[in-house]
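# Secondary and tertiary structure notes
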Amino acid sequence: MSGRVLVGVKRVIDYAVKIRVKPDNSGVVTDGVKHSMNPFCEIAVEEAVKLKEKKLIKEVVAVSCGPQQAQETIRTALAMGADRGIHVEVTGKDYDTLGPLQVSKILAALAKKEEAQLVILGKQAIDDDCNQTGQMTAALLDWPQGTFASEVALENDKVKVVREIDGGLETIKISTPAVLTADLRLNTPRYATLPNIMKAKKKKIANVKPADLGVELTSRMLGKYRGVTGKRKERATQQSRVEEWTILPNIHRTIL
Amino acid sequence: MWLGRTCSAPGRLLLLPRCGSQRRNLTAGISASAAAVDGALSAFRSICGDEGVSLGEAVREQHGRDESVHRCRPPDVVVFPRCVEEVSALAKICYKHNFPIIPFGTGTGLEGGVGALRGGVCFSLRNIDQILDLHPEDFDVTVEPAVTRKTLNAYLRDTGLWFPVDPGADASLCGMAATSASGTNAVRYGTMRENVINLEVVLADGTVVHTAGRGRRPRKTSAGYNLTNLFVGSEGTLGIITKTTLRLYGIPEATVSAVCSFSSVQAAVDSTVQILQAGVPIARIEFLDDVMVDACNRFSSLSYPVMPTLFLEFHGSERSLEEQVNITEEITQSNEGSDFQWARDAETRGRLWRARHDAWYAAQALRPGCKAYSTDVCVPLSRLPQIIVETKEDLMESRLTGPIAGHVGDGNFHCLMVVDPSDPDELHRVHLFTERLARRALAMDGTCTGEHGVGLGKRRLLCEELGPSGIQAMQKLKNALDPKSLMNPGKILLQGES
């Protein structure tokens, strides 16, 4: 096995920030707002680095999709102990409509290219709460998945995963290569210390475009409205009260 | 001290009805004509908005108490300014009408500092809540009053920096500046006095002062009088702090915790003194006496040996940690300390320290239904063994429950007095004990308050500590900056209560 682990990290609005909706209800205010690594992604990075420290794997590669600022998030992962980074450039309209389906296609392509033994992701992002990327990535790769992991143990070429489920805990054993998604209780992520932040500046981040990976970014979902429901006095039509997403019919055929 | 003092102000609280006639109550509390008060209230509302001014009884009571044993003394009105300009405008109105001004951060103080002894206007600063101007390369950040210590450290986590002053509570940083707070890390990182670089302060007449100059943040300065440190620890009696610029530190690369028990208090405290004299840059060194350890064992279901115990924490790089720990272990062993219980990873360290963190609750759990009051003396290190030993003897002779926990690295320790509030004899004995303790510390070249501040209860002791000329100098400064004596009356200095 390659001993390489791919960790996906997403740049999101910091969990402590008070979210404000844009006046035109097209989205939330992101300009000048503090962003940081999605907390579940931090847990994923921590788990990968722990595996490396236990000498069970050899290399941790941090991946993020987004504009230039995504590199800050990759640097944080590097400061936590990842070895190198991959920045998949997605900007402008493509970034606005970037969702789990496109990200999982990107991650699947990278996992194959890097010959990853494991792909570890956070279970969901705190901005969209989709909880889909890990599962879709596994499906695209046709790899087993251990989601909502609260414990991970590598045993030769298998992974024992204790999953948090509605009824309690479920233990599964899956073979590698596999996709894991981190849940809250998997570990407590370390703080990046100054010396490690300095060292991280010297680690490499490769730049890649989605087209290089053969991934097409066009979104098949149309966001109709994103904002506050029922509060504003000028709310005239009934339609605008409800958050609507129109899904075009051919998405169904495309995934399969 | 708090126990001996009865309220000399009229029983204003009892006169306040639950609804209506609130304007009349404001008049009763503050001597001003009804029209003047009405004018002031509507001026307040025009500055802060209607939601920014509250006369509600529950809101006022919430702003009249902190986490001390002093009883609630609510203000007559609470205002909620949203920026320093509003604070200044509100202060101007109070100055014109001679209303007392009481700044309020998080209400987590331990000395009754927010009690409105003469009524007046409480300035609740909870809406001024931004973290401004972080400069990671310069290790400084500026924060507004509603920003608490934990909020700041969460914000800083990606930068590799932190603000180490940790008084326990999740207190407002500007409030910590106002009380010159300290904490378990002071032995290595200092207290607020060493870590506040600049302040923005609003005086009683509305003047806004930048104590080191607007926006300035040099690491050191010798420019003029040290205004910044004049306001640090002034407990709201000189001005309202609306911004503080803080010194930040690198998050330690690695941390190791250890616990070691000793056969006697003397041995534990001697070890502390020797560790510091050996130059070990220890990060935390906390002492728990046998009564405290016993309480913690019961409360947290632990099984530490019931003996005087030291909790130690070391910060540094891997290599420097090894050296620090080796030297320390040699010292404790030479004082016949037990073997170290070690911890490196965060979870085990957390478990090791749980005893110390839960000390306050563990002490109270010793006698359910009782109240807890913490003493706070601080003496030069070399006198520490003597004062702790004498204090424990005093506790036993007075038949009082007072487990000891302390930041012995600073020569500072707290007796967590657990007292039955319905037993006047016990209350009296506690009162006398705490006075004896403070005087014992003063006799050993120490102070009556290492970290909690003077507030309401230690004003007489402050006079003893400083002597007449010291107190006179303080009074002159107070008169110069607050000639009408409006800022937080009745705190620190004895005048200003009536």
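For every chain, the first residue of its written sequence is number 1, and the numbers climb from 1 along that sequence. Chain labels run from A onward and ligand labels from 1 onward, assigned in the order the entries are written. Local features in this predicted model are restricted to residues of pLDDT 70 or higher, and side-chain atom pairs are both shown and tallied only at a pLDDT of 80 or more, whereas totals for entire chains, interfaces and linings draw on every residue. In computing side-chain properties, one takes all heavy atoms of the structure into account and sets aside hydrogens as well as water.

In this section: the overall build of chain B. Along chain B, the regular secondary structure elements total 18 helices and 19 strands. Accessible area is worked out with a 1.4 Å probe on protein chains only. A residue is then buried under 20% of its type maximum, exposed over 50%, and partly exposed in between. Counting over 498 residues, chain B shows a buried share of 57%. Long-range pairs, those at least 24 residues apart, make up 71% of the contacts in chain B between residues at least 6 apart in sequence. Only the protein chains shown count as cover for residues, and all accessible areas are computed by the Shrake-Rupley method using a 1.4 Å probe. Surface summary for chain B: the accessible area is close to 20,400 Å², and the carbon and sulfur share equals 51%. The helix count covers DSSP runs of H or I at least four residues long, the strand count covers runs of E at least two residues long, and both are numbered beginning at the N terminus. Contact criterion: two residues are considered in contact whenever any of their non-hydrogen atoms come within 4.5 Å of each other.

Another aspect to go through is unusual backbone geometry. The omega angle of the peptide bond from Thr176(A) to Pro177(A) is 0°, so this bond is cis rather than trans. Notably, Phe148(A) is not glycine yet its phi reads approximately 55°, a positive angle. The phi dihedral of Asn98(B) falls on the positive side, at around 60°, and the residue is not glycine. In this fold, Asn98(B) is placed in the loop between helix H5 (84–97) and strand E3 (101–104). Residue Asn98(B) is classed as partly exposed on the basis of its relative accessible area, which comes to 41%.

Moving on: the sheet that holds strand E1 (residues 53–54) of chain B. Residue and element names in this part refer to chain B. Reading across the sheet, the four strands line up as E1-E2-E4-E3 and stay open at both edges, with mixed pairing between neighbours. The open sheet has two free edges, formed respectively by E1 and E3, since each of these has just one partner strand. Of the pairings in the sheet, the one linking E1 to strand E2 (residues 77–79) comprises two bridges and is antiparallel in character. Across the sheet, Val53 pairs through a bridge with Val79, a residue of E2. Two strands qualify as a pair provided that DSSP identifies no fewer than 2 bridges between them.

Our next topic: the sheet that holds strand E5 (residues 84–89) of chain A. Residues and elements named next belong to chain A. If you trace the nine strands from one edge of the open sheet to the other, you get E9-E8-E7-E10-E6-E1-E4-E5-E11, paired in mixed fashion. Both outer strands of the open sheet, strand E9 (168–175) and strand E11 (205–208), are each paired with one neighbouring strand and no more. If you compare each strand with its neighbour and ignore which way they point, the axes differ by 30° on average. Summarising the sheet, strand E1 (residues 4–8) and strand E6 (residues 118–122) pair through three bridges and their orientation is parallel. Paired with Val7 across the strands is Ile120, a residue of E6. Axes here refer to lines fitted to C-alpha atoms; in helices the fit is confined to the stretch in contact. Angles between the N-to-C directions go from 0 to 180 degrees. Where helix H1 (residues 39–53) meets the sheet, its contacts fall on E1, strand E4 (59–66), E6, strand E7 (145–155) and strand E10 (178–182), and the angle it forms with E6 comes to roughly 145°.

Below, the discussion takes up the UniProt feature "domain: FAD-binding PCMH-type" (unreviewed entry) in chain B. With numbering matched to this structure, UniProt assigns "domain: FAD-binding PCMH-type" (unreviewed entry) to residues 70–251 of chain B. Helix and strand shares over residues 70–251 of chain B are 23% and 23% respectively, and the end C-alpha atoms of the span are 37 Å apart. UniProt positions are given in the numbering used here, feature names are shortened, and annotations may be inferred rather than shown by experiment.

So, about the interface of chain A and chain B. Contacts between the two partners involve 14 residues from chain A and, on the opposite side, 14 residues from chain B. Defined in terms of a 1.4 Å probe, buried area is the accessible area two parts forfeit on being brought together, summed over both. When the two sides are added together, the surface that chain A and chain B hide from each other amounts to roughly 1,200 Å², 54% of it contributed by carbon and sulfur. For chain A, the biggest contributors to the area lost against chain B are Lys34(A), Tyr191(A) and Leu194(A); these three give 38% of the whole. Here a salt bridge means any side-chain nitrogen of Lys or Arg lying within 4 Å of a carboxyl oxygen belonging to Asp or Glu. Summed over the shared surface of chain A and chain B, the result is three salt bridges. For Asp129(B), the salt bridge identified is with Lys18(A), shortest N-O distance 3.2 Å. Here a polar contact means two N or O atoms within 3.5 Å. Within protein one must be a hydrogen donor candidate and the other an acceptor candidate, and residues neighboring in sequence count only if both atoms are side-chain atoms. Across the contact surface, chain A and chain B share three residue pairs in polar contact (both at pLDDT 80 or more). Counting residues per element, the side of chain A that touches chain B draws most heavily on helix H6 (residues 194–200) of chain A, which supplies three residues. Note on residue classes: Ala, Val, Leu, Ile, Met, Phe, Trp, Tyr, Cys and Pro are nonpolar, Asp, Glu, Lys and Arg are charged, and everything else, Gly too, is polar. Among the residues making up the side of chain A that touches chain B, the classes are represented as six nonpolar, four polar and four charged.

Right, let's get into the UniProt feature "domain: Electron transfer flavoprotein alpha/beta-subunit N-terminal" (unreviewed entry) in chain A. Within this numbering scheme, the UniProt entry marks residues 25–217 of chain A as carrying the feature "domain: Electron transfer flavoprotein alpha/beta-subunit N-terminal" (unreviewed entry). Measuring from the first to the last C-alpha atom of residues 25–217 of chain A gives 24 Å, for a span that is 32% helix and 30% strand.

Within the secondary structure, Val37(B) sits in helix H3 (residues 34–48). For the pair formed by Val37(B) and Phe99(B), sequence separation is 62 residues and the distance between their alpha carbons is 9.7 Å.

All names here are of chain B. Examined against the element boundaries, Ser257 turns out to sit in strand E12 (residues 254–261). Ser257 sits 92 residues away from Arg349 along the chain, and the two C-alpha atoms are 6.0 Å apart. The residues touching Ser257, leaving out its near neighbours within four places in the chain, are Leu312, Glu313, Gln341, Trp342, Ala343, Arg349, Leu352 and Trp353. Polar side-chain contacts of Ser257 include one of 3.3 Å to the side chain of Glu313.

Ranked by internal contacts, the top residues of the largest apolar core, which has 42 residues, are Leu312(B), Ile387(B), Ile388(B) and Phe413(B). Contributing elements (two or more residues each) for this core: E12, helix H11 (265–277), strand E13 (284–288), strand E14 (309–316), helix H13 (318–334), helix H16 (384–397), strand E19 (412–419) and helix H17 (424–443) of chain B. The contact partners of Ile388(B), leaving out residues within four places of it in the chain, are Val265(B), Val269(B), Phe287(B), Ile404(B), Val408(B) and Phe413(B). By size, the runner-up hydrophobic cluster in this structure holds 37 residues, among which are Ile43(A), Leu118(A), Val161(A) and Ile205(A). Definition used in this section: a nonpolar core is a set of buried Ala, Val, Leu, Ile, Met, Phe, Trp, Tyr and Cys residues joined via side-chain atoms within 4.5 Å.

Residues and elements named next belong to chain A. The final tally for this structure, using the stated rule, is 38 salt bridges over all chains. Arg84 serves as the salt-bridge partner of Glu59, at 2.8 Å between the closest nitrogen and oxygen. Taken together, the residues span a long stretch of sequence, with Glu59 in strand E4 and Arg84 in strand E5 at a distance of 25 residues. The exposure class assigned to Arg84 is partly exposed, which follows from its relative accessible area of 22%. The partner of Arg84 in a salt bridge is Glu114, and the shortest N-O contact between them spans 2.8 Å. Placement of the pair is Arg84 in strand E5 and Glu114 in the loop between helix H4 (100–113) and E6, with a sequence separation of 30 residues. What you see here is one network of salt bridges that share partners, running through Arg4, Glu59, Arg84 and Glu114.

All names here are of chain B. Running from N to C, H16 and H17 cross one another at 165°; their axes reach a closest spacing of 11 Å. With respect to H17, the axis of H16 lies roughly antiparallel. When the axes of H16 and H17 are compared, the crossing they make is right-handed. Of the residues in H17, those in contact with Ile387, Glu390, Thr391, Asp394 and Leu395 of H16 are Phe433, Arg436, Leu437, Arg440 and Ala441. A class-by-class count of the residues in the contact of H16 with H17 yields five nonpolar, one polar and four charged. Oblique is the label for any angle not under 35 degrees, not over 145, and not in the 65 to 115 range, which are roughly parallel, roughly antiparallel and roughly perpendicular in turn. Note: crossing handedness is left-handed where the near helix turns anticlockwise from the far helix by less than a right angle, and right-handed where it turns clockwise.

It is worth spelling out the domain arrangement of chain B at this point. Residues and elements named next belong to chain B. According to the domain assignment, chain B consists of domain 1 (36–124), domain 2 (131–249) and domain 3 (254–443). On a C-alpha basis, the centres of domain 1 and domain 2 stand 22 Å from each other. The partner domain 2 presents 17 residues to the 12 residues of domain 1 that form the contact. Carbon and sulfur atoms supply 75% of the area that domain 1 and domain 2 bury against each other, a total of about 1,100 Å² over both sides. Domain boundaries shown here were taken from an automatic or database domain assignment.

Residue and element names in this part refer to chain B. Sulfur atoms of two cysteines make up a disulfide when they are within 2.5 Å. Applying the stated criterion to the full structure yields zero disulfides over all chains. Of all cysteine sulfurs in the structure, the one in Cys83 sits closest to Cys48, which takes part in no disulfide; the separation is 8.6 Å. Among the cysteines around Cys370, which has no disulfide bond, Cys415 carries the closest sulfur, lying 16 Å off.

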